[in-house]
Amino acid sequence: MKLQGGKQDSSEGSEGAKGKMTLPLALVALISAFGSSFQYGYNVSVINSPAPHMQGFYNRTFLARTGVPMDRGFQTLLWSLTVSMFPLGGLFGSLMVWPMVNSCGRKGTLLINNLFSIAAAILMGTSELAKTFEVIILSRVVMGIFAGLASNVVPMFLGEMSPKNLRGAIGVVPQLFITIGILAAQILGLNSILGNAEGWPVLLGLTGIPSLIQLLTLPFFPESPRYLLIQKGDEERARRALQRLRGWQDVDEEIQEMYQENRSEKEEGQFSVLSLFTFRGLRWQLISIIVMMAGQQLSGVNGVFYYADRIFESAGVHSSSIQYVTVSIGAINVLMTLLAVFIVESLGRRILLLAGFVLCSASCAVLTLALNLQSTVSWMSYLSILCVIAYIIGHALGPSPIPAVMITEMFLQSSRPAAFMVGGSVHWLSNFTVGLLFLYMEAGLGPYSFLIFCAICIATMLYIFFIVPETKNKTFMEINRIMAKRNKVEVQESKELKDSYPLSRQEEKKSLSSSEM
């Protein structure tokens, strides 16, 4: 993947430089992912390390106010709220995707969304000075709303900006930054850095810095060309945006593909969530994103991370060193997602999804066996560690990054916002459900709870194998035709539509020169 900064002569055409990444496209991907996706990952794990110090602050504040120590049951309730308000806020954020991206645009939504993060960061960073723990719980909801919007809008924004042969690689970048955010929170949360009694307010408040950077830099980059042309009808701005992103002047082929997409779905108009569920032409796309998003979260990734500390402790890792082992797992997660960026365009989406779920299901099955036998067979604890690492590798290669890429690719412009709203809601509801039920599953079933995750992985893998098509290096209209056959509906072919395009500039020049001759 070559990075290219300068503009090319238009005679090279869009075909000649199809595989090259331009500097504006690379920068907009990095700024969007760092300013938004990074914070999703950061806030997933930021409260894990300083939890005892934060709970101590809750207790001291309550004692100062009432003169009596906090009841243990009430403290558990407050901490459960602190943890669970984030995915609940994520659900609320997902429900805001459709109205916001249609009215404010993709870039506009990301810029407005930064205000949520900056406000929450200020509140969390000053909570100890203000002697109020309620604002931490409130801020977790606000950060959840931010993450719910970011986790849907960034993949949509980047997917609509990318050329078809780089759409998968650029589409995995948001997930890469989510894993980098998790790792950053794990490193900064070490006891020796900010995961201590003095440092935790700073640790929580740091989340505002990426938002501030995005707020100051993203306005200098273009809006999604597809949004500008298809939804706003502004061909001139869409053309300028494409020329800047592609690094060459001749973007007629992409402009025509957008007009084709616009004409083919004009009769349906903008899809609401309700019309998405009732429209036959999108039935299998909708079922597919629900299955993939639910499978992503219900496959047990949170359960594996929860168990990891205990597994390493049983293998003889000292409790004081566990946090360093957690950081190393976070680093593996980042490296494998980075690998997915480079291989998704060569291997394709289906292979990564199928291989990922196969590896996750096998890891869950062997982990169940190893956890049951580790008290009697000494080396089983080391097998458990291998299973955790194998699971994380599998999840990072396919189930984590690819479903959001598939939502972008399986839906056209009019239905994409509603599809992301559905997919995002399923993602956050599943996340919330696992967080709520896993402790009960673990108490009742012990290691056998991983067999449930194994079954979910296998079911999702089978669905993908039989139903989900390969989408790499295809235009949105080509993917739409593949799915139309499965839905048993007809799509207008490009030949019928050709007459409806406005003449491209090159065609205008040709027709003028021929009339002059």
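We now turn to the structure provided with this report. (Residues numbered from 1 in each chain as written. Predicted model: local features only at pLDDT ≥ 70, side-chain atom pairs only at ≥ 80, totals over all residues. Heavy atoms only, no water.)

### Considerations on the packing of aromatic side chains
Turning to step 1, where the next piece is worked out: This model, assessed by the stated rule, comprises 15 aromatic pairs.
Turning to step 2, where the next piece is worked out: An angle of 65 degrees between the planes, with centres 6.3 Å apart, marks the rings of Phe57 and Tyr58 as edge-to-face.
Turning to step 3, where the next piece is worked out: The buried category is assigned to Phe57, whose relative accessible area is 3%.
Turning to step 4, where the next piece is worked out: A relative accessible area of 0% places Tyr58 in the buried class.
Turning to step 5, where the next piece is worked out: With a centroid separation of 5.8 Å and an interplanar angle of 65 degrees, the aromatic rings of Phe450 and Phe453 are classed as edge-to-face. With Phe450 and Phe453 both in helix 22 (residues 449-467) and 3 residues apart, this pair spans about one turn of that helix.
Turning to step 6, where the next piece is worked out: On the accessibility criterion, Phe450 (0% relative accessible area) is buried.
Turning to step 7, where the next piece is worked out: The structure contains a cluster of three or more aromatic residues connected by ring pairs, namely Phe57, Tyr58, Trp79, Phe133 and Trp200.
Turning to step 8, where the next piece is worked out: Across the ring face of Phe133, the terminal group of Arg65 is positioned such that the distance to the ring centre comes to 5.0 Å.
Turning to step 9, where the next piece is worked out: Its guanidinium or amino end placed over the ring of Phe476, Arg416 lies 4.4 Å from that ring's centre, counting from NZ or CZ. (Phe/Tyr/Trp six-rings, centres within 6.5 Å; stacked < 30°, edge-to-face > 60°. Buried < 20%, exposed > 50% of the residue type's maximum accessible area, 1.4 Å probe, protein only. Helix = DSSP H or I, 4+ residues; strand = E, 2+ residues; numbered from the N terminus. Lys NZ or Arg CZ within 6 Å of the ring centre and 35° of its normal.)

### Here's the deal with the nonpolar core
Turning to step 1, where the next piece is worked out: The biggest cluster of nonpolar side chains holds 130 residues, and the ones touching the most others in it are Val28, Met54, Tyr58, Leu276, Phe411 and Phe450.
Turning to step 2, where the next piece is worked out: Each of domain 1 (22-221) and domain 2 (270-489) accounts for three or more of the residues forming this core.
Turning to step 3, where the next piece is worked out: Residues in contact with Leu276, not counting those within four places in the same chain, are Phe271, Leu282, Leu286, Phe411, Ser415, Ala418, Ala419 and Val422.
Turning to step 4, where the next piece is worked out: Grouped together as the second largest cluster of nonpolar side chains are 11 residues, Ala238, Leu242, Val251 and Ile255 included. (Core = buried A, V, L, I, M, F, W, Y, C linked by side-chain atoms within 4.5 Å. Domains from an automatic or database assignment. Contact = heavy atoms within 4.5 Å.)

### Focus: the pattern of salt bridges
Turning to step 1, where the next piece is worked out: This model, assessed by the stated rule, comprises 14 salt bridges.
Turning to step 2, where the next piece is worked out: A salt bridge links Arg167 to Glu409, with the shortest nitrogen-to-oxygen separation between them at 2.9 Å. Of this pair, Arg167 sits in helix 8 (residues 167-188) while Glu409 sits in helix 20 (residues 402-410), placing them 242 residues apart in sequence.
Turning to step 3, where the next piece is worked out: Residue classification places Arg167 among the buried positions, given a relative accessible area of 4%.
Turning to step 4, where the next piece is worked out: Overall, the relative accessible area of 0% leaves Glu409 in the buried class.
Turning to step 5, where the next piece is worked out: One continuous salt-bridge network, built from bridges that share partners, spans Arg167, Glu345, Arg349 and Glu409. (Salt bridge = Lys/Arg side-chain N within 4 Å of Asp/Glu carboxyl O.)

These figures come from the coordinates and say nothing about function on their own.
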